[in-house]
Amino acid sequence: NGDIERARKCWEHAAALQPHNLLLMRAINQYAPELLVQKRIRRRGGPWRSRIAVVVPGELRCYGHSEELFKSLSRHTDMFVCTSEAFANTAEQLAVTKVKVIDQEPNHPIGAMQQWHKLAITLSMVRAHEKRTKKRYTHIVKLRSDFHHVQPQNLLSELVSTDGLICSSDKVFGGHREIMMLFEGFYEAIYGWFDQQEERYWPININTILKSDD
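Procedures and definitions
Residues numbered from 1 in each chain as written. Predicted model: local features only at pLDDT ≥ 70, side-chain atom pairs only at ≥ 80, totals over all residues. Heavy atoms only, no water. Helix = DSSP H or I, 4+ residues; strand = E, 2+ residues; numbered from the N terminus. Rg over C-alpha atoms; globule rule 2.2 N^0.38 Å. Buried < 20%, exposed > 50% of the residue type's maximum accessible area, 1.4 Å probe, protein only. Contact = heavy atoms within 4.5 Å. pLDDT = per-residue confidence, 0-100. Pairing = 2+ DSSP bridges. Axes fitted to C-alpha atoms, helices over the stretch in contact; angles between N-to-C directions. Right-handed = clockwise from strand over helix to strand, strands pointing away. Salt bridge = Lys/Arg side-chain N within 4 Å of Asp/Glu carboxyl O. Core = buried A, V, L, I, M, F, W, Y, C linked by side-chain atoms within 4.5 Å.

### Remarks on the overall build of the protein chain
Next up, step 1: Counting its regular elements, the protein chain contains 9 helices and 6 strands.
Next up, step 2: Relative to a compact globule of 214 residues, whose C-alpha radius of gyration would be 17 Å, the protein chain shows 18 Å and is just as compact.
Next up, step 3: Over its C-alpha atoms, taken along the principal directions, the protein chain stretches across nearly 55 × 45 × 35 Å.
Next up, step 4: For the protein chain, buried positions account for 41% of its 214 residues.
Next up, step 5: Within the protein chain, contacts between residues separated by at least 24 positions form 66% of all contacts whose residues are at least 6 apart in sequence.

Here it is, written out as C-alpha cells:
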C-alpha cells in the first residue's frame, strides 16, 4: 500500500531473525540495500601456516559497505588492488600491500573483460611481491567491494580448507595459489579462445556455474 517505512521495518526484522539466509539477503539488497551490514572478521580461522593474498581487481564501488571487512582482512592477509582512475581517491584510503591505478582502460570489445585485465595485473603484483620477499603465498582469493558476504567470518577458513575453488560465480572466488595463478593468463586467452568463439563450446552444462551463485 505504499508504506515504505513499514516495509523497511519488516525487512529489518526479517534480517535480524535470519541473518544467514542468502535468498532473504538478496531480496533486501534489491529493496533496502542500506539495511545490509557487512561484518568484519575477527580472526583468521584457518591454519596459522597459511599465507593468504587478497586481490581486488575492478572499480571500488560501494566501498563504504565493505570498508570494515577490508580493514579486518588486511590484518590477516596481504591485499593487492588494481582499480580505475575514477576510484583513485578511494584506493588511497586503503591500507593494503600494493595499489595500482589504471588511468587509461584498454579498449575492450566487451566491458566485462576489464575485470579479467585487472585480475591479471593483481596476480602479477602478487608474483612480483613474492619475488621481492622470497616467500610464496599458500592461497589467493579474489574479492570485490560491492559484494555482500552473509558470513564473512568463514571466508578465510573456507578458503584454506578447500581442495579446489570456493566461488560465487566469477564475482568472488579463491583457492590454492597454484590454481589461482592459472587465471593470470586468462585475459590474454580471451581473444583467441573465448571472444566470439561460443559456438565451439556448446552445448555447455551450466548447472555447476548456476549453483556456484549459492
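Structure shown, so let's carry the discussion forward.
### What to know about the confidence of the model for the protein chain
Next up, step 1: Per-residue confidence for the protein chain averages 83 on the pLDDT scale, and 92% of its residues sit at or above 70.
Next up, step 2: Mean pLDDT across the elements of the protein chain ranges from a minimum in helix H2 (residues 22-31), with 75, to a maximum in strand E4 (residues 139-142), with 96.

### Some words on the pairing of strand E5 (residues 165-168)
Next up, step 1: Residues Ile166 and Ser168 of E5 are buried on one face, while the alternating residues Leu165 and Cys167, pointing to the opposite face, are not.
Next up, step 2: Here 4 bridges tie E5 to strand E6 (residues 172-176), and the two strands are oriented antiparallel to one another. The residue bridging cysteine 167 from the neighbouring strand is phenylalanine 173, located in E6.
Next up, step 3: Hairpin remark: E5 followed by E6, antiparallel, with 3 residues in the connecting loop; positive phi at serine 169, about 55 degrees.

### Quick look at the environment of isoleucine 209
Next up, step 1: You can see isoleucine 209 is positioned in helix H9 (residues 207-211).
Next up, step 2: The exposure class of isoleucine 209 is partly exposed, given its relative accessible area of 48%.
Next up, step 3: Counting along the chain gives 42 residues from isoleucine 209 to cysteine 167, while the straight-line C-alpha distance between them is 9.5 Å.

### Structural notes on the sheet that holds E6
Pairing between the strands of a sheet is mediated by backbone hydrogen bonds and can be parallel or antiparallel.
Next up, step 1: With mixed pairing, the 6 strands of this open sheet are ordered in space as E3-E2-E1-E4-E6-E5. Both outer strands of the open sheet, strand E3 (98-102) and E5, are each paired with one neighbouring strand and no more. Each neighbouring strand pair of the sheet contributes to a mean axis angle of 10 degrees, computed without reference to strand direction.
Next up, step 2: When strand E1 (residues 52-57) meets strand E2 (residues 78-84), the two strands line up parallel, connected through 5 bridges. Note that in E2 the partner of valine 56 across the bridge is valine 81.

### Topic: the pairing of E1
Next up, step 1: Of all 6 residues making up E1, 6 are buried, and the element is well covered by its neighbours.
Next up, step 2: Burial along E1 is two-sided: Ile52, Val54 and Val56 facing one way and Ala53, Val55 and Pro57 facing the other are all buried.
Next up, step 3: Bridge count between E1 and E4: 4 bridges; the pairing is parallel. For valine 54, the partnering residue across the bridge sits in E4 and is valine 141.
Next up, step 4: For the crossover from E1 across helix H3 (residues 63-74) to E2, the handedness is right-handed.

### Re the pattern of salt bridges
Next up, step 1: Within this structure, the stated rule accounts for 6 salt bridges.
Next up, step 2: Residue arginine 61 pairs with glutamate 59 through a salt bridge whose shortest N-O separation is 2.6 Å.
Next up, step 3: Since its relative accessible area comes to 35%, arginine 61 is described here as partly exposed.
Next up, step 4: Here arginine 127 ties to glutamate 184 by a salt bridge, and the two come within 2.6 Å at their closest N and O atoms. One end of the pair, arginine 127, is in helix H5 (residues 113-133); the other, glutamate 184, is in the loop between helix H7 (177-180) and helix H8 (186-194), with 57 residues separating them in the sequence.

### Regarding the nonpolar core
Nonpolar side chains in soluble globular proteins tend to be buried together.
Next up, step 1: Residues Val56, Leu60, Phe70, Leu73 and Leu143 are the most contacted members of the largest nonpolar core, which totals 22 residues.
Next up, step 2: Elements represented by at least two residues in this core include exactly E1, H3, E2 and helix H6 (155-161).
Next up, step 3: Within the second largest apolar cluster, 21 residues are counted, among which are Cys82, Trp116, Phe183 and Tyr187.

### Looking at the environment of leucine 143
Next up, step 1: Its place among the elements puts leucine 143 in the loop between E4 and H6.
Next up, step 2: With 85 residues separating them in the primary sequence, leucine 143 and glycine 58 have C-alpha atoms 9.4 Å apart.
Next up, step 3: In this structure, leucine 143 is in contact with Val54, Val55, Val56, Pro57, Leu73, His149, Leu155 and Val172, ignoring residues within four places of it in sequence.

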